[in-house]
Amino acid sequence: MRRRNFLSLPAMALAPSKDLLDAIRRDMLGVDADISLYAKNLDTGQSFGLRENARVRTASTIKLPIMAAVFHKVARRQLRWDRTLLLRESDKVSGSGVLHEFSAGLHLPLRDVVNVMIVVSDNTATNLILDLITADAVNAFLDTMGLKQTRSMRKVRGDGNQLKAPSGWSKAGLLEENKRFGIGSSTPFEMVSLLERLEKGEVVNAASSRAMLDILKRQQFKDGIGRRMGAMPVASKSGALDALRSDVGIVYTPKGRVALAITVDGLKQIDESQDNPGLLLISRAAQTLCRGLTGML
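Definitions and limits used
Residues numbered from 1 in each chain as written. Predicted model: local features only at pLDDT ≥ 70, side-chain atom pairs only at ≥ 80, totals over all residues. Heavy atoms only, no water. UniProt positions renumbered as here; feature names shortened; annotations may be inferred. Buried < 20%, exposed > 50% of the residue type's maximum accessible area, 1.4 Å probe, protein only. Helix = DSSP H or I, 4+ residues; strand = E, 2+ residues; numbered from the N terminus. 1 Å grid on protein atoms, 1.4 Å probe; cavity = no way out; pocket = protein on both sides within 12 Å on 5 of 7 lines; lining within 4 Å. Points joined across faces, edges and corners; volume = space filled by probe spheres on them. Nonpolar A, V, L, I, M, F, W, Y, C, P; charged D, E, K, R; others polar. Pairing = 2+ DSSP bridges. Axes fitted to C-alpha atoms, helices over the stretch in contact; angles between N-to-C directions. Phe/Tyr/Trp six-rings, centres within 6.5 Å; stacked < 30°, edge-to-face > 60°. Lys NZ or Arg CZ within 6 Å of the ring centre and 35° of its normal.

Labelled according to an unreviewed UniProt entry, the protein chain appears under the name beta-lactamase, originating from Paludibaculum fermentans. The record in UniProt for the protein chain states the following under Catalytic activity (unreviewed entry): "a beta-lactam + H2O = a substituted beta-amino acid". According to its UniProt record, the protein chain has this under Sequence similarities (unreviewed entry): "Belongs to the class-A beta-lactamase family."

Below you can see the structure in the form of structure tokens.
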């Protein structure tokens, strides 16, 4: 465990109990990685943060802001949900998703492409959308929401031996200091802020916010935040790279809606299983935070 994770805890909206702090420390024991997290009970305002303003690699959690930018353009009548996107062989990238298994030449409705980008974290779908709206347009939308640290940097390259050359750069992505973030950057605090505004119906408009939350509830990867939540509804988007696991989402507990963003980066061993130490830590911490911020700890 790296001691710097415990050196200073930022101010809370309401101070968490010592039991919560001790429980989070126990959750983190034995995980040698950089851990950043923020959680907020949206009903009480109580929150807990650890390096919550640190910029982190988003991995696929950047697909949540990309989705929001699409909804923004549809609401402004710059796009239509029934617009079709052509899937070409050259568009396919490996990694998460299903579209790389589909036949080239298909015309896919924009709504379906957005759905698979989130529900199965489809990389090819993400790139099709960024080709359509551009990463710069995503960042311009984020600027209107005051989310200055959350940036879409470029398209997804794929993984393993099928990596493609990076392309689709945004202006932010071309900055040398941002190259280390890969496809996107954010902070736990900003991701929770975005989730809170979704829950309040303030992202684009109330109807769009509800629709986006419905898509997040259908996400099929529940190995992080959703792993220990039982029957409680979870609206979330996860992300994974070789040394990173992250998850952002809202847990609808009986005693309050808790928004969370947790990133574990710098893991020492590559582990693609459901028992990746980062995923297990996220699941423990998410359960602890939900209990602690709802008085159930």
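**Q** Describe helix 6 (residues 135-144), naming the residues involved and giving the relevant values.
**A** Regarding helix 6, the residues found buried are A135, A137, V138, N139, F141 and L142. Just past helix 6, the residue G146 takes up positive phi, approximately 75°.

**Q** Outline empty space enclosed by the protein, supporting the account with residue identities and numerical values.
**A** A complete count under the given rule lists 2 cavities of 30 Å³ or more for this structure. The calculated volume of the largest cavity comes to roughly 60 Å³. Mapped by element, the contributors of at least two residues to the lining of the largest cavity are strand 3 (56-57), helix 8 (188-199), strand 9 (244-253) and strand 10 (256-265). The dominant element in the lining of the largest cavity, judged by the number of residues it contributes, is strand 10, at 3 residues. Of the residues in the lining of the largest cavity, the class split is 6 nonpolar, 6 polar and 1 charged.

**Q** Account for the sheet that holds strand 10, with residues named and values stated.
**A** Overall, antiparallel pairing links the 5 strands, which are arranged 2-1-10-9-8 in an open sheet. Here the strands that pair on one side only, and so sit at the sheet edges, are strand 2 (47-50) and strand 8 (234-241). For this sheet, the mean angle separating the axes of adjacent strands, direction not counted, is 5°.

**Q** Requested: an account of the packing of aromatic side chains, with residues and values cited.
**A** Taken as a whole, this structure holds 2 aromatic pairs when the rule is applied. Summarising the aromatic geometry, the rings of Y38 and F189 are spaced 5.1 Å apart at their centres and angled 50° between planes, so their arrangement reads as tilted. With Y38 in strand 1 (residues 34-41) and F189 in helix 8, this residue pair connects regions lying 151 residues apart in the sequence. Taking the centre distance of 4.7 Å and the plane angle of 65° together, the rings of F71 and W81 count as edge-to-face. With F71 in helix 3 (residues 63-75) and W81 in the loop between helix 3 and strand 4 (84-86), this residue pair connects regions lying 10 residues apart in the sequence. Of the two residues, F71 and W81, both sit in the buried class. Across the ring face of W169, the terminal group of K179 is positioned such that the distance to the ring centre comes to 5.5 Å. A cation over a ring is seen here: K217 above Y252, with NZ or CZ 4.8 Å from the ring centre.

**Q** A description of the sheet that holds strand 3 should follow, citing residues and the corresponding values.
**A** With antiparallel pairing, the 3 strands of this open sheet are ordered in space as 3-7-6. Each edge of the open sheet is held by one strand with a lone partner, namely strand 3 and strand 6 (151-152). Across 2 bridges, the pairing between strand 6 and strand 7 (residues 184-186) is antiparallel. The residue of strand 7 that forms the bridge with S152 is G184.

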